[in-house]
Amino acid sequence: MCLFQCIMNYFPEEVLEHVFDFLTSLRDRNAVSLVCKSWYNVERCSRKKVFIGNCYAVNPELVIARFPRFQSLTLKGKPHFADFNLVPHDWGGYVQPWIEALAKNGISLEELRLKRMVVSDESLELLSKSFPNFKSLTLVSCEGFSTDGLAAIASNCRYLRELDLQENEVDDHKGHWLSCFPDSCTSLVSLNFACLKGEVNAAALERLIARCRNLKSLRLNHAVPLETLQKILVQAPQLNDLGIGSFVSDPYTESYFKLKAVLQKCKSVKSLSGFLDVNPRCLPSIYPICTNLTSLNLSYAPGIQSNDLIKLIIRCKKLERLWILDTIGDKGLEVVAATCKELQELRVFPSDLHGVGNAAVTEEGLVAISAGCPKLNSILYFCQQMTNAALITVAKNCPNFIRFRLCTLNPVIPDAVTNQPLDDGFGAIVQSCKGLKRLSVSGLLTDQVFLYIGMYAEQLEMLSIGFAGDSDKGMLYVLNGCKKLKKLEIRDSPFGNMALLSDVGKYETMRSLWMSSCEVTYGACKTLAEKMPRLNVEIINENEEMEGRPKDKHRVEKMYLYRTLVGARKDAPPFVWTL
Amino acid sequence: METVYENGLNLKATELRLGLPGTDNESQTQTSSPCVKNNNKRSSSEMDTEKQESVSPPPKTQVVGWPPVRSYRKNVLQQQQNNPESDGSGMFVKVSMDGAPYLRKIDLKFYKNYFDLLKALENMFKCNIGVYSEREGYNGSEFVPTYEDKDGDWMLVGDVPWDMFTTSCKRLRIMKGSEAKGLGCNL
């Protein structure tokens, strides 16, 4: 035994535990678990937060056995491409078994964060009744529940601090879920119901806000009228984060004047979002808030035209995060570049989803942003066109990208000036941005871009590919080169069996691989599944006409494989075959 | 796409395809938008002469899941586009008055009923519109409010329920009473 180990073993476990308390990052905690048995035991018994990136990689019993005292659970369900309708509705990702197991085993759950999972009202009710210390529920892109489930949460979670509903499909029974918060509930810190479609009782909302003096974050849905917003803001001038659902009024009415006055007093609002319904002529009342804003999300507000957007943004000098629609135009992005010198994250979403070509941003806007915002490290950019020259310039200007996602509205569009593939442009990005962790590519792309990615993207963890590449070589460059790759998702690209089977061990180092509309065959998937028992190789077969299993040489339409400790899942629907 | 590549590989064997498995389609030319799984794709610059009747390229149909935008976001934007009242730009319509040197614009969204609208118009143009009656329209008024509806017809303001009016009104014209024969007056 070395000296270091002797010294460390001398410390009682409580000391080790105290030291480990300072380790907040999961990676650090995972690392210390590997040092020796006693560290493993101390760490596992003291871990409070558990993160599970794929709910089917483990089961609740295994998690509880290893971490008996955790209080916070994060679970992710469906694969990312489910966001874009590529995964059928009943694929899976149910939270019910998790809640049942946690309740049965006496876990003292305080926080639950779910993404792309199916959550039923029954699950929410069980959750609300099983954990007396439950404090925080965050649901992102989930489905399967209604406002009845929310009513259970409101009624039963006595110490609820956070109810955060982001972009969920919720069945709104237009009931009185909000009125179910008892008068004794004063603990709310964060309430986000922007994604709900129905009305809430305005008086109940006002009373709730008035008694929750610690409320910092409030995001309303579009059914909350302006008068109610005004009354709420009078009660809660301490808000940091405000989501305004509906901002429609005649600027000459009295309620508007009152609102204008109260907004001037909201000095602590740092984050603003919403504006699903908006009268642009009312926007000047927001100007006083702009000076302090660090985060602004107007990506659900197509009603605000470029001119009004510019008038707003020009006042937001401290902005660090901006989510916007492409209605802002290249000119508007130039204003952002000139004004928002602290900008770190930019997302430009398409306003015209039918791709008719009225999109208003091009490579010029991106170049302007890269030149004007030196702190930029994360971008999602939907654009009409792109050039290699622009991407090369962006790479030079911004070597600090951690996330770079480019989406051309025509997925196979070449360089707008030279008509060449966009390989060199993306090549410049991966070469320059040494810390790049997430990349999405689009436009006309050959195997060459993947050669660059494999060569330079050493820190890359997630890669999204669509309509790109010429041959298996492309995929091979990535699999061989990107040592830290965790998630790879590919659609409509000519990668086939040779690439899939070249390094089967690689997939155990990754969380998951998605391939749809590629060239892999059923036989190759079977081979892979046979060789790698600790992978689930799922084939999603939506072809109803097919009788029995396809022949080995048939192409597979959708394949999703992931590493797992617990074998094939038992809740797979009939159209999902685990090989 | 073949014209772009510099290497001499046989690309046909591994070329990018956007069709159903088992079908054998020509690849898209790079500048036209991709069609969704459509067996009858043709590159728009290489039409067969015999198919010249259908000259225009296929409509820009959607590729499933492209652009990659979350369904939630798509649904919200869709609803806002279907529901013009909520897109925030208001229901602005032009208002002309016979004899006035220029037109005005008003936002129909901010008026709750015909009474508010007509009062506002009277104030804006300093004219006298009077009171509507179903039988005789604005009989006797100096000025008569009319509007052009979605079908392009000129209608008398006041006949249909308010909500129906606001959704079908494209522009307003305040006619001189003397010219308004046949629109309800003196019938």
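For chain B, an unreviewed UniProt entry supplies the name Auxin-responsive protein and the organism Penstemon davidsonii. Quoted verbatim from the Sequence similarities (unreviewed entry) field of UniProt, the annotation for chain B is "Belongs to the Aux/IAA family." In UniProt, chain B has this text filed under Subcellular location (unreviewed entry): "Nucleus".

As recorded by an unreviewed UniProt entry, chain A carries the name F-box domain-containing protein and is attributed to Penstemon davidsonii.

Attention now goes to the overall build of chain B. When you go through chain B residue by residue, the secondary structure sums to 3 helices and 5 strands. The N-to-C order of helical and strand elements in chain B reads α-β-β-α-β-β-α-β. Considering only contacts within chain B whose residues lie at least 6 apart along the sequence, 43% involve residues at least 24 apart.

In the numbering used here, UniProt assigns the "domain: F-box" (unreviewed entry) feature to residues 11-50 of chain A. Along residues 11-50 of chain A the backbone is 68% helical and 5% strand, and the end-to-end C-alpha distance reaches 26 Å.

For the rest of this paragraph, the subject is the side chain of S285(A). Residue and element names in this part refer to chain A. Here S285 shows up in the loop between β11 (271-278) and α12 (287-290). Separated by 2.7 Å, the side chain of S285 and the backbone oxygen of C282 make a polar contact. Discounting residues that sit within four places of it in the chain, S285 has contacts with F247, Y256, K260 and L263.

Pairing between sheet strands relies on hydrogen bonds along the backbone, with the strands arranged either parallel or antiparallel. Residue and element names in this part refer to chain B. The 5 strands lie next to each other as β2-β1-β5-β3-β4, forming an open sheet whose pairing is mixed. The sheet terminates laterally at β2 (104-107) and β4 (154-156), the two strands that pair on one side only. Direction aside, neighbouring strands of the sheet carry axes that sit 35° apart on average. Bridging between strand β3 (residues 143-148) and β4 involves 3 bridges; their strand directions are antiparallel. By the bridge assignment, E148 is partnered in β4 with W154. Where helix α2 (residues 114-125) meets the sheet, its contacts fall on β1 (92-97), β2, β3 and β5 (171-176), and the angle it forms with β2 comes to roughly 155°.

Inspection of the secondary structure assignment puts F349(A) in strand β14 (residues 345-349). Taking the C-alpha atoms as reference, F349(A) lies 8.5 Å from C383(A); in sequence the two are 34 residues apart. Once you skip the residues sitting within four places of it in the chain, F349(A) turns out to touch S299(A), W323(A), I324(A), L325(A), D326(A), L380(A), F382(A) and R73(B).

Considering all chains together, one arrives at 24 salt bridges over all chains under this definition. Among the ionic pairs, E167(A) bridges to R70(B), the shortest N-O distance being 2.7 Å. One end of the pair, E167(A), is in the loop between β6 (162-166) and β7 (169-171); the other, R70(B), is in the segment before α1 (71-82), on a second chain. In this structure, D492(A) and R491(A) form a salt bridge, with 2.8 Å as the shortest nitrogen-oxygen distance. The burial state of D492(A) is the same as that of R491(A); both residues are buried. Through salt bridges with shared partners, a single network forms among D83(A), R116(A), E167(A), R70(B) and R73(B).

Let us look at a positive patch on the surface. Taken together, the side chains of R403(A), K437(A), K484(A), K486(A) and R563(A) make up a positively charged region of the molecular surface. Locating K484(A) in the fold gives a position in the loop between α19 (472-481) and β19 (487-491).

What follows is about the packing of helix α9 (residues 202-211) of chain A against helix α10 (residues 226-235) of chain A. Residue and element names in this part refer to chain A. Between α9 and α10, the least distance of the axes is 9 Å, while the angle of their chain directions is 15°. Taken together, the axis directions place α9 and α10 in an arrangement best described as roughly parallel. For the element pair α9 and α10, the recorded crossing hand is right-handed. In this structure, α9 uses A202, L205, E206, I209 and A210 to contact α10, whose residues at the interface are T228, K231, I232 and Q235. Looking at the contact of α9 with α10 residue by residue, the class counts come to 5 nonpolar, 2 polar and 2 charged.

Residues and elements named next belong to chain A. By the element assignment, L439 lies in strand β17 (residues 438-440). You can call L439 buried: its relative accessible area is 0%. Counting along the chain gives 37 residues from L439 to I402, while the straight-line C-alpha distance between them is 8.6 Å. Those residues within four positions of L439 in sequence are excluded, and the remaining contacts are F404, F426, V430, I453, L460, M462, L463 and S464.

As a further point, take the nonpolar core. Counting 184 residues, the largest nonpolar core has F193(A), F247(A), F404(A), I453(A), L500(A) and L513(A) as the members making the most contacts within it. Other than its neighbours up to four places away in sequence, F404(A) contacts I379(A), L391(A), V394(A), F426(A), I429(A), L436(A), R438(A), L439(A) and S440(A). One finds L118(B), L121(B), I129(B) and L172(B) within the second-largest nonpolar core, a separate group that totals 24 residues.

So, on to helix α6 (residues 96-104) of chain A. Among all positions of α6(A), only Q96(A), W98(A), I99(A), A101(A) and L102(A) are buried. Against the buried residues of α6(A) lie β1 (49-52), α5 (60-66), β2 (72-76), β3 (111-115) and α7 (121-130) of chain A.

Conventions we followed
Residues numbered from 1 in each chain as written. Chains lettered and ligands numbered in written order. Predicted model: local features only at pLDDT ≥ 70, side-chain atom pairs only at ≥ 80, totals over all residues. Heavy atoms only, no water. UniProt positions renumbered as here; feature names shortened; annotations may be inferred. Helix = DSSP H or I, 4+ residues; strand = E, 2+ residues; numbered from the N terminus. Contact = heavy atoms within 4.5 Å. Polar contact = N/O pair within 3.5 Å; in protein donor to acceptor, adjacent residues only side chain to side chain. Pairing = 2+ DSSP bridges. Axes fitted to C-alpha atoms, helices over the stretch in contact; angles between N-to-C directions. Salt bridge = Lys/Arg side-chain N within 4 Å of Asp/Glu carboxyl O. Buried < 20%, exposed > 50% of the residue type's maximum accessible area, 1.4 Å probe, protein only. Patch = residues over 30% accessible without salt bridge, like charges linked within 9 Å, V, L, I, M, F, W, Y side chains within 5 Å. Areas by Shrake-Rupley, 256 points an atom, 1.4 Å probe, with all protein chains shown as cover. Lys, Arg positive; Asp, Glu negative; His and termini not counted. Charge placed at Lys NZ, Arg CZ, Asp CG, Glu CD. Parallel < 35°, antiparallel > 145°, perpendicular 65-115°, else oblique. Left-handed = near helix turned anticlockwise from the far one by under 90°. Nonpolar A, V, L, I, M, F, W, Y, C, P; charged D, E, K, R; others polar. Core = buried A, V, L, I, M, F, W, Y, C linked by side-chain atoms within 4.5 Å.

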